[in-house]
Amino acid sequence: MPAIDVKQLSKSFKTQRKEAGLWGSVKGLIWRESFYKEAVKSVSFSLEEGELVGFLGPNGAGKTTLLKMLSGILYPTAGEVKVLGYTPWERNREYQRQFAIVMGQKNQLWWDLPPAESFLLNRDIYGVDPKAFERNIDEMVSLLDLKDLLDVPVRQLSLGQRMKCELVAALLHQPRVLFLDEPTIGLDVISQEKIRSFIQEYNRLKKTTVLLTSHYMQDVEQLCKRVLVINHGQIVYDGLLDDLSKRYVDHKVIKIRFVEAQSATPPPGLEGVVEWDAHHAVLKVKQKEVAATTHRLLGELPIEDLSVEKVEVEEVIRRIFEEKPGIEPG
Amino acid sequence: MKPPVTEAYATSLSGRWARYLRLYRSFLMHNLKNEMIYRANFAIAVGMDIVFMGVNVVFFAIVYGNVETIGGWTFHQTLILVGSVGVVRELAYLTFRQGFLQLGDYVRTGNFDVMLTAPMATFVHLAFRHVSLTESLGEGLMGLFLVGYGFAHLDAASWISVPLYLLMLFNSLVIYYAFSLTVNSMVFWLVKSQELNTVVYYFMNTARYPREIYHGLGKAFFTFIVPSSLIATTPASILAGRAEGNLVGLSIGVAVVLLCLGLSVWNWSLHYYSSASS
């Protein structure tokens, strides 16, 4: 049985249009034009227990809405979801004790109290056995380097420190399923890295099923083998991150450095030149022509260094999002 | 399959009550720690409450300087009535009131999310989240004093009425909670809850008048639609030796019906919570 099973899930919000300006506001008191905005359109996918899957999509694509439906915060307009066999929006207590959601832009900790106090409260809410509680805290505190921060009021913590504490608070009851919505947003590079490796380690040790959204490609590249790409409320890709580039991009990037200064113009007939100067050159070449082009370059020019690289995932994603909604992958 | 670290979830009714009592203690401790951070605020709040209650007593003292009884209530009986309102208010702050005052913010910012994901009933979580011992402490202490003072000066005071008085205070608390819950359910459409809590505030303000001053439609309105006339009058009647059996029955009936209504309206309203996008 998959840990998460989503079938034909849709969610639309009723929203109102209001003209800008004071007059628009006055008119809005009497009459508002309301319309339905489809945030998620007939989405289906499933995750096996222990998988760590990344959710990619631009702002407003429906990622957060989806996570909120899986957490039982929002009710869907249509569709079916089973997480660990439970329907999330029935808010069964047994389900609630087996999952956690952490949102990078929200704060669940008590603002004026030290994080240790919030942990204690969560222990009581989730009914965590005191011994297991101590063990979990110790384990996570050392993984995240939080020892000296447990007694500092939350409002005095930096964003990165707070985020780490949010993670600890959410994981105290050892959830089997974990939803992470932008866990690294707004953090400095070091904190990002720390949280990333923590998530990786945690997933490896506990076999927790993790569904993660992020704006930072690095999060996804480091953590997830499999990705779901969502755009305009629809899943446009579900598969391995590695295959994503293969499927959407049929070219590679060749970078070369010359031994000595060359003419600043490329030889005639050479295709796919992106950059060319006296010392360096970058070419974008179709997959099947990589070998031929490389051969020609090496034969004709005094080359010191040559590398063939994949197009960066970030660019691949950008290409997907620039296309029209509802494209069929492949 | 349960995660090994959490205790078995209580399914029996008594088990659930025990669990929620433990949770209440835990939330109360956390809120106390929180309140102690702002000591000055605490002292001002208590002082203001005592002044407010004093004004109430002066008001009734002036009225009773002119008339013997209001709706059949003597001055000392009225002190019990006014005092009981103060006690119910303090009990409400001790169990749920502050949470409802914050609800609008929770819904607007999307922080209400956590109440939907934690393994406890949302309507309990919201109530316990901001329980406050001090918020209305002055009012509560003053109320207790007035009740005691009025009781001591009654001609026909009877200690036997005390347990029933306490029970009916609890019943009044249930009515107050159920009314707050019903009215506040609208927050999921309005997103702001300030006006809703003004309604609840006026509801409690009319509770300090004896129920006997209402007649006909007015009485029906303040019994069934806005049941504020029962909140103080029922317990105070018992302690003041004016109780009628059917008033007790009526109050319990209204409490049960209103609580059921409140819970269903609330649970239904949760469907319309739209969270806030991050």
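Residues numbered from 1 in each chain as written. Chains lettered and ligands numbered in written order. Predicted model: local features only at pLDDT ≥ 70, side-chain atom pairs only at ≥ 80, totals over all residues.

Peer 1: What's the story with the overall build of chain B in this structure? I'm lost.
Peer 2: Check the secondary structure of chain B and you find 14 helices and zero strands. In sequence order, chain B lays out its α and β elements as α-α-α-α-α-α-α-α-α-α-α-α-α-α. For 278 residues, the compact-globule estimate of 2.2 N^0.38 gives 19 Å, and chain B sits close to it at 20 Å. Viewed in the frame of its principal axes, chain B has a C-alpha envelope of about 65 × 45 × 35 Å. When the 278 residues of chain B are sorted by exposure, 41% land in the buried category. (Helix = DSSP H or I, 4+ residues; strand = E, 2+ residues; numbered from the N terminus. Rg over C-alpha atoms; globule rule 2.2 N^0.38 Å. Buried ≥ 20, exposed ≤ 12 C-beta atoms within 10 Å, placed from the backbone.)

Peer 1: Sorry if this is basic, but what is going on with the overall build of chain A here?
Peer 2: Counting its regular elements, chain A contains 11 helices and 13 strands. When its C-alpha atoms are laid out on the principal axes, chain A stretches across 75 × 55 × 50 Å. A burial count over chain A gives 39% of its 330 residues as buried. Taking contacts inside chain A between residues at least 6 apart in sequence as the whole, the part at least 24 apart equals 72%. (Contact = placed C-beta atoms within 7 Å.)

Peer 1: What exactly am I supposed to notice about the pairing of strand β12 (residues 280–286) of chain A here?
Peer 2: Residues and elements named next belong to chain A. Alternating residues of β12 divide into Ala 281, Leu 283 and Val 285, all buried, and His 280, Val 282, Lys 284 and Lys 286, none buried. The pairing of strand β10 (residues 251–258) with β12 spans seven bridges and is antiparallel. Residue pairing for β12: His 251 is matched across the bridge by Lys 286. Between strand β11 (residues 273–276) and β12, which pair antiparallel one after the other, the connecting turn spans three residues. (Pairing = 2+ DSSP bridges.)

Peer 1: For this particular structure, what's the right way to read the interface of chain A and chain B?
Peer 2: Put simply, an interface is often sized by how much accessible area is lost when its parts join up. If you look at the interface, chain A gives 36 residues, while chain B gives 26 residues. Those elements giving two or more residues to the side of chain A that touches chain B turn out to be α2 (63–70), α3 (93–96), β5 (99–103) and α4 (115–126) of chain A. For the side of chain A that touches chain B, the element with the most residues is α4 of chain A, which contributes five residues. Its residues assigned to classes, the side of chain A that touches chain B shows 13 nonpolar, 10 polar and 13 charged. (Nonpolar A, V, L, I, M, F, W, Y, C, P; charged D, E, K, R; others polar.)

Peer 1: How should I be thinking about the sheet that holds strand β2 (residues 33–47) of chain A in this particular structure?
Peer 2: Residue and element names in this part refer to chain A. With respect to topology, three strands assemble into an open sheet ordered β2-β1-β4, the strand pairing being antiparallel. The open sheet is flanked by β2 and β4 (78–83), the only strands paired with a single partner. Each adjacent strand pair in this sheet contributes to an overall mean axis angle of 30 degrees, direction not counted. (Axes fitted to C-alpha atoms, helices over the stretch in contact; angles between N-to-C directions.)

Peer 1: Would you take a moment to explain the sheet that holds strand β9 (residues 234–240) of chain A for this structure?
Peer 2: Backbone hydrogen bonds are what pair the strands of a sheet, in a parallel or an antiparallel way. All names here are of chain A. Spatially, the six strands line up as an open sheet ordered β5-β6-β7-β3-β8-β9, and their pairing is mixed. The open sheet has two edge strands, β5 and β9, and neither has a second partner. Each neighbouring strand pair of the sheet contributes to a mean axis angle of 15 degrees, computed without reference to strand direction. Summarising the sheet, β5 and strand β6 (residues 177–181) pair through five bridges and their orientation is parallel. Paired with Ala 100 across the two strands is Leu 178, which belongs to β6. Packing of α2 onto the sheet brings it into contact with β3 (52–56), β5, β6, β7 (209–213) and β8 (226–231), and relative to β6 it is tilted by some 150 degrees.

Peer 1: I tried to follow the packing of helix α8 (residues 161–184) of chain B against helix α14 (residues 245–269) of chain B on my own but got confused; where do I start?
Peer 2: When two helices pack together, their arrangement is given by the angle between their axes and by how far apart the axes lie. Residue and element names in this part refer to chain B. Contact pair α8 / α14: the axes reach a minimum separation of 8 Å and the direction vectors enclose 30 degrees. Comparing their axes, α14 and α8 come out roughly parallel. Helix-helix and strand crossings are classified by hand; for α8 and α14 the assignment is left-handed. In this structure, α8 contributes Met 168, Asn 171, Val 174, Ile 175, Ala 178, Phe 179, Leu 181 and Thr 182 to the contact, and α14 contributes Val 248, Ser 251, Ile 252, Val 254, Ala 255, Leu 258, Leu 259, Leu 261, Gly 262, Val 265 and Trp 266. Residues belonging to the contact of α8 with α14 are distributed by class as follows: 15 nonpolar, four polar and no charged. (Parallel < 35°, antiparallel > 145°, perpendicular 65-115°, else oblique. Left-handed = near helix turned anticlockwise from the far one by under 90°.)

Peer 1: Just checking my understanding: could you explain helix α5 (residues 130–144) of chain A for this structure?
Peer 2: Each turn of an α-helix holds 3.6 residues, which means side chains three or four residues apart point in the same direction. All names here are of chain A. The terminal C-alpha atoms of α5, which comprises 15 residues, lie 21 Å apart, in line with the 21 Å expected from a rise of 1.5 Å per residue. Buried positions along α5 lie against α4, α6 (159–171) and α7 (189–206). Phi for Asp 145, located one or two positions after α5, is positive at around 65 degrees. (Expected span 1.5 Å × (residues − 1).)

Peer 1: Even after reading the chapter, I still don't get the packing of α8 of chain B against helix α10 (residues 194–205) of chain B, so can you show me in this structure?
Peer 2: Residues and elements named next belong to chain B. Viewed as axis vectors pointing N to C, α8 and α10 meet at an angle of 155 degrees, and their least axial separation amounts to 9 Å. Viewed along their axes, α8 and α10 adopt a mutual orientation that is roughly antiparallel. Taken as a pair, α8 and α10 cross one another with a handedness that is right-handed. Together, Phe 179, Ser 180, Val 183 and Asn 184 of α8 and Leu 196, Val 199, Val 200 and Phe 203 of α10 make up the contact between the two elements. Looking at the contact of α8 with α10 residue by residue, the classes come out as six nonpolar, two polar and no charged.

Peer 1: I keep staring at the environment of Val 40 of chain A and nothing clicks. Help me out?
Peer 2: Residues and elements named next belong to chain A. Inspection of the secondary structure assignment puts Val 40 in strand β2. Linking Val 40 and Lys 63, residues 23 residues apart in sequence, is a C-alpha distance of 8.4 Å. Those residues in contact with Val 40 that sit more than four places away from it in its chain are Leu 9, Ser 10, Lys 11, Gly 62, Thr 65, Leu 66 and Gly 233.

Peer 1: Honestly, the confidence of the model for chain B in this entry has me stumped. Any pointers?
Peer 2: Where the model shows low pLDDT, its predicted coordinates should not be examined in detail. Residues and elements named next belong to chain B. Of the residues in chain B, 95% reach a pLDDT of 70 or more, and the chain-wide mean stands at 88. Confidence, expressed as mean pLDDT per element, reaches its minimum in chain B at helix α2 (residues 39–66) with 80 and its maximum at helix α6 (residues 122–129) with 96. Note on the complex model: pTM 0.85, ipTM 0.85. (pLDDT = per-residue confidence, 0-100.)

Peer 1: Any chance you could explain unusual backbone geometry here in plain terms?
Peer 2: What you tend to see is this: most non-glycine residues have negative phi, and most peptide bonds are trans. Residue and element names in this part refer to chain A. Residues other than glycine seldom take positive phi values, yet Ser 42 does so here, at roughly 45 degrees. One non-glycine residue, Arg 91, lies in positive phi territory at about 50 degrees. If you trace the backbone, Arg 91 turns up in the loop between β4 and α3.

Peer 1: Would you mind going over the nonpolar core with me for this structure?
Peer 2: Across soluble globular proteins, nonpolar side chains have a tendency to be buried as a group. Judged by nonpolar contacts, the single largest core of 138 residues is most densely connected at Val 83, Val 168, Leu 211, Val 227 and Val 229 of chain A together with Val 88 and Ile 175 of chain B. Excluding residues within four positions of it along the chain, Val 83 of chain A makes contact with Ala 3, Ile 4, Leu 70, Pro 88, Tyr 95, Phe 99 and Val 177 of chain A. (Core = buried A, V, L, I, M, F, W, Y, C linked by C-beta atoms within 7 Å.)

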